[in-house]
Amino acid sequence: DSAKLLYRQNNIKDGYEKLSQSIRLFYSNRLELEKEIITSDLLPLMKRFDNQEKSLVEESLRLSDMIEFAKHIEKDNKFEQIVTEFSKIIRKEKI
């Protein structure tokens, strides 16, 4: 929710940073790790996940990293798509 709020307040970079942090934290917990990890460490650990989920994570985190480090300007409002897709994954995980 805080990522969405930042994004909607036109703090695009901060919104993506918070979103990527949330994704990494979710998967750190799901993989039963004791800490939050960076994107490059997370992706190799996702071997047992289905390809669609792995692709979503990789694409989302790489886009977030590029926006955070000013290497990309968001043009196509991917943020809302990413939030929607990860909300589905989180709901499925809680069932």
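Just so it is clear, the model here is predicted, and its values are computed rather than measured. (Residues numbered from 1 in each chain as written. Predicted model: local features only at pLDDT ≥ 70, side-chain atom pairs only at ≥ 80, totals over all residues. Heavy atoms only, no water.)

Q: Can you walk me through unusual backbone geometry in this structure?
A: Leave glycine aside and you will find that most residues have negative phi; peptide bonds, for their part, are mostly trans. Even without glycine at this site, N10 takes up a positive phi of about 70 degrees. Mapped onto the elements of the fold, N10 is located in the loop between helix 1 (2-8) and helix 2 (12-30). With a relative accessible area of 61%, N10 lands in the exposed category. Notably, E32 is not glycine yet its phi reads approximately 60 degrees, a positive angle. With respect to the helices, strands and loops of the structure, E32 is situated in the loop between helix 2 and helix 3 (39-42). For E32, a relative accessible area of 69% puts it in the exposed group. (Helix = DSSP H or I, 4+ residues; strand = E, 2+ residues; numbered from the N terminus. Buried < 20%, exposed > 50% of the residue type's maximum accessible area, 1.4 Å probe, protein only.)

Q: Whenever I open this one, helix 2 confuses me. Can you help?
A: In this model helix 2 runs 27 Å from its N-terminal to its C-terminal C-alpha over 19 residues, within 8% of the 27 Å that 1.5 Å per residue would give. Those residues of helix 2 lying buried are G15, Y16, L19, S20, I23, R24, F26, Y27, S28 and R30. Next to the buried residues of helix 2 lie helix 1, helix 3, helix 4 (51-68) and helix 5 (78-94). (Expected span 1.5 Å × (residues − 1). Contact = heavy atoms within 4.5 Å.)

Q: Hey, could you run me through the pattern of salt bridges in this one?
A: Oppositely charged side chains may form a pair once their charged atoms are brought near each other. Applying the stated criterion across every chain yields a total of six salt bridges. Two residues, E36 and R24, come together in a salt bridge whose shortest N-O distance is 3.0 Å. Here E36 is found in the loop between helix 2 and helix 3, whereas its partner R24 is found in helix 2, with twelve residues between them in sequence. A relative accessible area of 33% places E36 in the partly exposed class. Between R30 and E53 there is a salt bridge, with the nearest N and O atoms lying 2.4 Å from each other. Placement of R30 in helix 2 and of E53 in helix 4 is noted, with a sequence separation of 23 residues between them. (Salt bridge = Lys/Arg side-chain N within 4 Å of Asp/Glu carboxyl O.)

Q: Is there a simple way to think about the packing of aromatic side chains in this case?
A: Any pair of aromatic rings gets described here by the distance separating the centres and the angle formed by the planes. For the structure shown, the criterion picks out six aromatic pairs. Residues Y7 and Y16 carry aromatic rings whose centres are separated by 6.2 Å and whose planes lie at 75 degrees to one another, so their mutual orientation is edge-to-face. As far as the burial class goes, Y7 and Y16 line up, both buried. Taking 5.7 Å as the distance between ring centres and 80 degrees as the angle between the ring planes, the aromatic pair formed by Y27 and F49 counts as edge-to-face. One end of the pair, Y27, is in helix 2; the other, F49, is in the loop between helix 3 and helix 4, with 22 residues separating them in the sequence. Both residues of the pair, Y27 and F49, count as buried. A connected cluster of aromatic rings, assembled from ring pairs, spans F26, Y27, F49 and F86. Positioned above the aromatic ring of F49 is the side chain of R48, whose terminal nitrogen or guanidinium carbon lies 4.8 Å from the ring centre. (Phe/Tyr/Trp six-rings, centres within 6.5 Å; stacked < 30°, edge-to-face > 60°. Lys NZ or Arg CZ within 6 Å of the ring centre and 35° of its normal.)

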